[in-house]
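# Examination of the molecular architecture
Chain residues, written in single-letter form:
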Amino acid sequence: MKLLKTTATLALMAAGASYGSGAQAANICFAFQDLETEFWVAGHKAITTTLTEAGHTVIEKNANEDANKQLEQVRDCIAQGVDGIIVIPQDGESAVTIVNEAQAADTPIAIFNRPPTDLSKGIIVVADNATIAEAATDFVVEEALAKASADAKLNAVIVVGDLGDPNAVGRKDGFYAAINKHQDRFNVIEVASEWDAATALANLEAAVTANPKIDLMFTSSDFLFPTIRSVLEPRGMWNKSGEEGHIPLAGLDGDATACKLIKEGYVSATGVQDLYFEAESAMNAILKAIEDGNAQPNEVIPDPGFALTQANLAEREMDMWGCVLLSEGFLDQ
């Protein structure tokens, strides 16, 4: 399992020696909603392996995308007397309930990547989704405009995530921030995915059938690129940059599939969440709270992220966690 060892090593390098310096071994409950995307798999491994190698005990709880089950799992961790909790919540509202439960029991808690709708309690590590999405969309907007005649009206598609998730809301806002800089040039077609590939497939099939002229597309998560390909390719709409019929495509997350597609020329840009920074920040913050005896910490730690594009690929490829996994053969396993 070379991938797991390398991923853990990268996280340890990012975190330095802080996990083992001064703090006693802690019992950490790590409750996650599922491991259905590359981002969650890589984040899970970075956190669990790094904490374990630093001498801490990790109690894992997989809620399988059930918010009520996750709440019960967190309550069970609290009843066991864990020293701290790290959570990837199902959505923003359930995250508020979980944070309140933990703080009421004087158990420090950190929320990883998917923020609660109330940021006033707990340690919250979150990507600046709006800014990252805007940067990625800016790139494909300029690409689409450069290909079009000066007065042409263009069709822009956004595959929207589950809007109960603040991450999806931020990504949608960032997309529109980019589009609205040229709002007189674009018609926008929204495609609901609910973070579900089957839902995205059905809705995108319907959208492309009704509007076969697509000038750019943004997906709120890279994990949907295979779904997008399955819709576009049979219609002759899945082409590399520079080829006839190429559609500028952008996404967000920074996974290995997106890296591969950018290198191949099918995808123009993706917004990158700095997974290793986020994992490091969540672990450092929860262990510091435990060491300081701070049962009710409150800190929002932003991940500024960046956009990996066809233009900066040579310089920034290995800054993207998905490109690191790709170089390790992740997609070959």
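See the structure printed just above.
Attention here is on the structure that accompanies the text.

Rules used in this analysis
Residues numbered from 1 in each chain as written. Predicted model: local features only at pLDDT ≥ 70, side-chain atom pairs only at ≥ 80, totals over all residues. Heavy atoms only, no water. Pairing = 2+ DSSP bridges. Helix = DSSP H or I, 4+ residues; strand = E, 2+ residues; numbered from the N terminus. Axes fitted to C-alpha atoms, helices over the stretch in contact; angles between N-to-C directions. Buried < 20%, exposed > 50% of the residue type's maximum accessible area, 1.4 Å probe, protein only. Contact = heavy atoms within 4.5 Å. Core = buried A, V, L, I, M, F, W, Y, C linked by side-chain atoms within 4.5 Å. Parallel < 35°, antiparallel > 145°, perpendicular 65-115°, else oblique. Left-handed = near helix turned anticlockwise from the far one by under 90°. Nonpolar A, V, L, I, M, F, W, Y, C, P; charged D, E, K, R; others polar. Salt bridge = Lys/Arg side-chain N within 4 Å of Asp/Glu carboxyl O.

## Considering the sheet that holds strand 2 (residues 57-62)
- Read from one edge of the open sheet, six strands run 2-1-3-4-5-11, paired in parallel fashion. Whereas interior strands pair on both sides, the edge strands pair on one side only; in this sheet they are strand 2 and strand 11 (298-303). Between one strand axis and the next, the sheet turns through 15° on average, direction left out of account.
- Bridge count for strand 5 (residues 122-127) against strand 11 is six bridges, and the pairing is parallel. Bridge assignment links Gly122 to a residue of strand 11, and that residue is Asn298.

## A short note on the side chain of Ser94
- Position of Ser94 among the secondary structure elements: in helix 4 (residues 92-104).
- Among the residues examined, Ser94 registers a relative accessible area of 13% and is labelled buried.
- Beyond its immediate chain neighbours, meaning those up to four positions away, Ser94 contacts Ala67 and Pro89.

## A few points about the nonpolar core
- Core analysis: the largest hydrophobic core is formed by 63 residues, its most contacted members being Ile86, Phe112, Met217 and Leu232.
- When residues no more than four places from it in sequence are discounted, the contact partners of Leu232 are Val208, Met217, Met237, Trp238, Ile247 and Leu249.
- By size, the runner-up hydrophobic cluster in this structure holds 21 residues, among which are Val141, Ala156, Ile158 and Leu216.

## Focus on the packing of helix 5 (residues 129-147) against helix 6 (residues 166-179)
- The geometry of helix 5 relative to helix 6 is characterised by a closest axis approach of 7 Å and an angle of 40° between their N-to-C directions. By the angle class used here, helix 5 and helix 6 are oblique. Here helix 5 and helix 6 pass one another in a crossing that is right-handed. Side by side, helix 5 and helix 6 meet where Asn129, Ala130, Ala133, Glu134, Thr137, Asp138 and Val141 of the first sit next to Asn167, Gly170, Arg171, Gly174, Phe175, Ala177, Ala178 and Ile179 of the second.
- Residues that form the contact of helix 5 with helix 6 fall into these classes: seven nonpolar, five polar and three charged.

## Digging into the sheet that holds strand 10 (residues 269-272)
- Taken in spatial order, the six strands make up an open sheet running 7-6-8-9-10-12, and their pairing is mixed. Two strands lie at the open edges of the sheet, namely strand 7 (186-192) and strand 12 (306-309), each paired on one side alone. Neighbour to neighbour, the strand axes of the sheet diverge by 20° on average, direction disregarded.
- Across two bridges, strand 8 (residues 216-219) lies against strand 9 (residues 249-253) in parallel orientation. Paired with Met217 across the strands is Leu249, a residue of strand 9.

## Considerations on the pattern of salt bridges
- Counting across every chain of the model gives 15 salt bridges.
- The salt bridge partner of Asp165 is Arg114, with a shortest N-O separation of 3.0 Å. Of this pair, Asp165 sits in the loop between strand 6 (154-160) and helix 6 while Arg114 sits in the loop between strand 4 (109-112) and strand 5, placing them 51 residues apart in sequence. The two residues Asp165 and Arg114 agree in class, both being buried.
- Residues participating in the shared-partner salt-bridge network are Glu72, Arg75 and Glu101.

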